[in-house]
Amino acid sequence: MNTVKPNTAHKISFFSTQAYDKIFFEKYNEDFGFQFDFFDMQLNLKTVQLINNSSIVCVFVNDCVNAAVIAELAAKKVEIIALRCAGFNNVDLEAAKKHNIRICRVPAYSPHAVAEHAMAMILTLNRKTHKAYNRVREQNFSLNGLLGFDLFGKTIGVIGTGNIGKAFAKIAMGFGCKVLAFDVVIDSQLERIGVVYTDLNTLFKESDTISLHCPLNENTKHIINVETLSVMKKNVMIINTSRGGLIETSSVIDALKDEKVGYLGIDVYEQEENLFFKDLSGDIIKDDVIQRLMSFPNVLVTAHQAFFTEEALTQISLVTLHNIEDLIQKKSIENKSAQLA
Ligand code: NAI
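Residues numbered from 1 in each chain as written. Predicted model: local features only at pLDDT ≥ 70, side-chain atom pairs only at ≥ 80, totals over all residues. Heavy atoms only, no water.

## Overview of the overall build of the protein
Here's step 1: Broken down by element type, the protein carries 12 helices and 12 strands.
Here's step 2: For the protein, the spread of C-alpha atoms along the three principal axes comes to 60 × 50 × 45 Å.
Here's step 3: Classification of the 341 residues of the protein by burial places 50% in the buried group.
Here's step 4: Within the protein, contacts between residues at least 6 apart in sequence are counted, and of these 67% link residues at least 24 apart.
Here's step 5: For the protein, the computed accessible surface area is about 16,700 Å², with 52% contributed by carbon and sulfur atoms. (Helix = DSSP H or I, 4+ residues; strand = E, 2+ residues; numbered from the N terminus. Buried < 20%, exposed > 50% of the residue type's maximum accessible area, 1.4 Å probe, protein only. Contact = heavy atoms within 4.5 Å. Areas by Shrake-Rupley, 256 points an atom, 1.4 Å probe, with all protein chains shown as cover.)

Quick look at the structure:
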């Protein structure tokens, strides 16, 4: 039995904490021995004041880690920001460097979790199993309105073939789809199994379904916009499990109204920080854009749940705690892609 707890002097302040975060982090902390402070609020300029005698903060996708918040963190003597996610578009890396704050993330926890959710969204939108479930429970056994199409033989365009896009492309190949891919780096293993890399315009033009798996950055922001939508096939299906900012939401709403986009599946949304991960079932939603999106029968919204599997939460807790321990003890992390600053 390991009784050595080397980290008891270090307290980690968690923001945006959900019940499952507590369960998984407390379970895996048995071998690390950190102290924890859990806050359910998102990190921002106000909530940063909650930090009390803690040199490490642990944040998630919708916490605000901009230059102003980082300056406050530095004033509170925070030395490490540990992201318990892969994407880091919400963090000002330059500001962190300026204040000598180190930043780590979980570069890959379960690419399969997200890739499988993307395929689940495609199958749901296509075969309408969510509607069939409700219909049959009301003893309506009619098939009218449930017509789908064979995925076999269709063309799926994958934008970004890193950990998640690669897992997704393999799943799509398994369905007998033609897979087109666009990435700034070509994956030769995917080419060997039949994935065809092409330019972005060809991918937009030829794909029946487009699935986004690139990070959100200045090159990819609103990669789905009025112009790129105009070159797509009529009735195209668009799936976004990556980041909301990849889609210009107002343009996609217009394209849904014009029946240019036939199906939209989003696990992420540009303004999700005000909505996702919260139970707002008794509230009046003030965001008319999400309400409009949810009113379309051919739009499926899930609330950033693509990562949400037992395997992914295990990996997230273990890698985050290891990252923090490495940064405390060795000042650097062996897996270079885990350390951002
Ligand atoms: P990754 O870093 O392994 O792969 C990203 C790929 O995108 C790389 O191959 C990179 O070359 C490519 N890329 C970069 N710029 C590009 C551009 N301009 N055009 C096309 N491709 C470009 O990242 P991973 O693990 O595959 O994750 C992808 C994204 O998925 C993350 O950035 C994150 O935003 C999102 N994500 C969403 C989750 C969810 O629960 N919905 C969970 C985890 C990640």
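## Examining the domain arrangement of the protein
Here's step 1: Entries for the protein in the domain assignment read domain 1 (11-109 + 309-338) and domain 2 (111-301).
Here's step 2: For domain 1 versus domain 2, the separation of C-alpha centres amounts to 30 Å.
Here's step 3: In this complex, domain 1 contributes 13 residues to the contact, which on the side of domain 2 involves 9 residues.
Here's step 4: Counting each side, the surface lost to burial between domain 1 and domain 2 is near 910 Å², with a carbon and sulfur contribution of 51%. (Domains from an automatic or database assignment. Buried area = accessible area lost by both parts, 1.4 Å probe.)

## Describing the site of the ligand
Here's step 1: Not every one of the 24 residues close to the ligand is listed here, only the nearest: Tyr109, Asn163, Ile164, Asp183 and Thr241.
Here's step 2: In this structure, Gly162 approaches the ligand through a main-chain N or O atom, which is 3.3 Å from an oxygen atom.
Here's step 3: One of the side-chain nitrogen or oxygen atoms of Asp183 is found 2.6 Å away from an oxygen atom of the ligand.
Here's step 4: Relative to its free-state accessible area of 870 Å², the ligand is covered by the protein chains to the extent of 86%.
Here's step 5: With respect to the pocket detection grid, the ligand is positioned in the largest pocket.
Here's step 6: Residues of the shell around the ligand, tallied by class, amount to 11 nonpolar, 10 polar and 3 charged. (Near = heavy atom within 4 Å. Polar contact = N/O pair within 3.5 Å; in protein donor to acceptor, adjacent residues only side chain to side chain. 1 Å grid on protein atoms, 1.4 Å probe; cavity = no way out; pocket = protein on both sides within 12 Å on 5 of 7 lines; lining within 4 Å. Sits in = over half its atoms within 2 Å of the grid points. Nonpolar A, V, L, I, M, F, W, Y, C, P; charged D, E, K, R; others polar.)

## Here we look at the sheet that holds strand E2 (residues 35-38)
Here's step 1: Spatially, E2-E1-E3-E4-E5 is the arrangement adopted by the 5 strands of the open sheet, whose pairing is parallel. Pairing within the sheet leaves two strands with one partner each, and these edge strands are E2 and strand E5 (102-104). The sheet shows a mean angle of 20° between the axes of neighbouring strands, direction not considered.
Here's step 2: Pairing between strand E4 (residues 80-83) and E5: 3 bridges, direction parallel. (Pairing = 2+ DSSP bridges. Axes fitted to C-alpha atoms, helices over the stretch in contact; angles between N-to-C directions.)

## Remarks on empty space enclosed by the protein
Here's step 1: According to the stated counting rule, one finds 2 cavities of 30 Å³ or more in the structure shown.
Here's step 2: Computed from the structure, the largest cavity encloses a volume of approximately 90 Å³.
Here's step 3: Together, 13 residues line the largest cavity, and Tyr20, Asp21, Arg84, Phe307 and Leu313 are the ones closest to its centre.
Here's step 4: For the lining of the largest cavity, the secondary-structure elements that each account for two or more residues are helix H1 (19-28) and helix H12 (310-329). (Points joined across faces, edges and corners; volume = space filled by probe spheres on them.)

## Looking at the environment of Lys221
Here's step 1: Relative to the elements of secondary structure, Lys221 occurs in the loop between strand E9 (209-212) and helix H9 (226-231).
Here's step 2: Separated by 26 residues in sequence, Lys221 and Ile247 place their C-alpha atoms 7.3 Å apart.
Here's step 3: Apart from residues no more than four positions distant in its own chain, Lys221 is found in contact with Leu216, Gly245 and Glu270.

## A look at the layout of surface pockets
Here's step 1: Taken as a whole, the largest pocket spans an internal volume of roughly 1,100 Å³.
Here's step 2: At the level of secondary structure, the elements contributing two or more residues to the lining of the largest pocket comprise helix H4 (111-127) and helix H6 (163-174).
Here's step 3: If one sorts the elements of the lining of the largest pocket by residue count, H6 sits on top with 3 residues.
Here's step 4: Taken together, the residues of the lining of the largest pocket sort by class into 21 nonpolar, 16 polar and 6 charged.
Here's step 5: Each of domain 1 (11-109 + 309-338) and domain 2 (111-301) contributes no fewer than three residues to the lining of the largest pocket.
Here's step 6: In this structure, the second largest pocket encloses a volume near 280 Å³.
Here's step 7: For the second largest pocket, the lining is made up of 14 residues, of which Asn62, Asn89, Leu216, Glu270 and Glu273 are closest to its centre.
Here's step 8: For the lining of the second largest pocket, the class distribution of residues is 3 nonpolar, 5 polar and 6 charged.

## Section: the packing of aromatic side chains
Here's step 1: What the rule picks out here adds up to 12 aromatic pairs.
Here's step 2: Between the aromatic rings of Phe14 and Phe38, the centroid separation amounts to 4.8 Å while the plane-to-plane angle is 40°, which identifies the pairing as tilted. With a gap of 24 residues between them, Phe14 in strand E1 (residues 11-14) and Phe38 in strand E2 connect regions that are remote in the sequence.
Here's step 3: Relative accessible area serves as the criterion here: at 1%, Phe14 is assigned to the buried category.
Here's step 4: With centroids separated by 5.9 Å and ring planes inclined at 70°, the aromatic side chains of Phe149 and Tyr263 adopt a geometry described as edge-to-face. One end of the pair, Phe149, is in the loop between helix H5 (129-137) and strand E6 (155-159); the other, Tyr263, is in strand E11 (residues 261-266), and 114 residues separate them in sequence. (Phe/Tyr/Trp six-rings, centres within 6.5 Å; stacked < 30°, edge-to-face > 60°.)

## Quick word on the packing of H1 against H12
Here's step 1: Closest axis-to-axis distance for the H1/H12 pair is 9 Å, and the angle between their directions is 55°. Between H1 and H12, the crossing angle belongs to the class labelled oblique. Regarding H1 and H12, the two cross each other, and that crossing is right-handed. Across the interface between the two elements, Tyr20, Phe24, Phe25 and Tyr28 of H1 pack against Glu310, Leu313, Thr314, Ile316, Ser317, Leu318, Thr320 and Leu321 of H12. (Parallel < 35°, antiparallel > 145°, perpendicular 65-115°, else oblique. Left-handed = near helix turned anticlockwise from the far one by under 90°.)

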